[in-house]
Amino acid sequence: QVQLVESGGGLVQPGGSLRLSCLASGSISNIRVMGWYRQAPGKQRELVARITSSGSTNYADSVKGRFTISRDNAKDTVYLQMNSLKPEDTAVYYCNAGYNILTAPYWGQGTQVTVSS
């Protein structure tokens, strides 16, 4: 089993920044992909950003140029740096981990991000 614990959410004004962290623990030796998803009220959960063990990344079009995903393998942690936040970024953000892009069954509990003035 793999456990994921997110932190770093909160309330921020439009244009502000937040950094989310996701600490992975448990049987993580075969985890090759980690990512961030988000779910806004009344909407489906969507991929925000993903990073592989080789460092390859991909982003949703809506966050390209504003968000950056990174990972610290020594700390078993993945980060999501969010800049130039917009009200439409408001959502619960979930950390996700798996063995490849198609097999990523582990989820964190979610952290709320609210962008509002």
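Above this note sits the structure.
The rules behind these values
Per chain, residues are indexed from 1 in the order of the written sequence. Per-residue local features of the predicted model are confined to residues with pLDDT of at least 70, and side-chain atom pairs are confined, for both listing and counting, to 80 or more; whole-chain, interface and lining totals are unaffected and use all residues. Side-chain metrics in this entry use all non-hydrogen atoms of the structure; hydrogen atoms and water are not considered. Each helix is a run of DSSP H or I of at least 4 residues and each strand a run of E of at least 2, with the numbering of both proceeding from the N terminus. To get the radius of gyration, use the C-alpha atoms; to get the globule rule, take the number of residues to the power 0.38 and multiply by 2.2 Å. For every residue, the accessible area (1.4 Å probe, protein chains only) is compared with the maximum for its type, and the residue is labelled buried under 20%, exposed over 50%, or partly exposed between those bounds. Contacts are residue-level and defined by heavy atoms, with any inter-residue pair within 4.5 Å sufficient. Here the accessible surface of atoms and residues is derived via Shrake-Rupley with a 1.4 Å probe, and residues count as covered only by protein chains that are part of the display. Residues scored as charged are limited to Lys and Arg (positive) and Asp and Glu (negative), so that His and the chain ends carry no count. To locate a charge, take NZ of a lysine, CZ of an arginine, CG of an aspartate or CD of a glutamate.

## Focus on the overall build of the chain
Argument step 1. When its secondary structure is counted, the chain shows 0 helices and 11 strands.
Argument step 2. Each helix and strand of the chain, placed in order from N terminus to C terminus, yields the pattern β-β-β-β-β-β-β-β-β-β-β.
Argument step 3. Relative to its length of 117 residues, the chain is compact, with a C-alpha radius of gyration of 13 Å against a globular reference of 13 Å.
Argument step 4. When its C-alpha atoms are laid out on the principal axes, the chain stretches across 40 × 25 × 25 Å.
Argument step 5. Going through the 117 residues of the chain one by one, you find that 41% of them count as buried.
Argument step 6. A separation threshold of at least 6 residues defines the contact pool for the chain, and within that pool the share at least 24 residues apart is 53%.
Argument step 7. When the accessible area of the chain is evaluated, it comes to approximately 6100 Å², of which 48% is carbon and sulfur surface.
Argument step 8. Where the 11 positive side-chain charges of the chain centre and where its 7 negative ones centre are 2 Å apart.

## Points about the environment of Val12
Argument step 1. Mapping Val12 onto the fold places it in strand S2 (residues 10–12).
Argument step 2. Sequence separation between Val12 and Lys86 is 74 residues; the distance between their C-alpha atoms is 9.4 Å.
Argument step 3. Excluding anything up to four places from it in sequence, Val12 contacts Ser17, Leu18, Leu85, Thr114, Val115 and Ser116.

What is shown is where atoms sit, not what they do.
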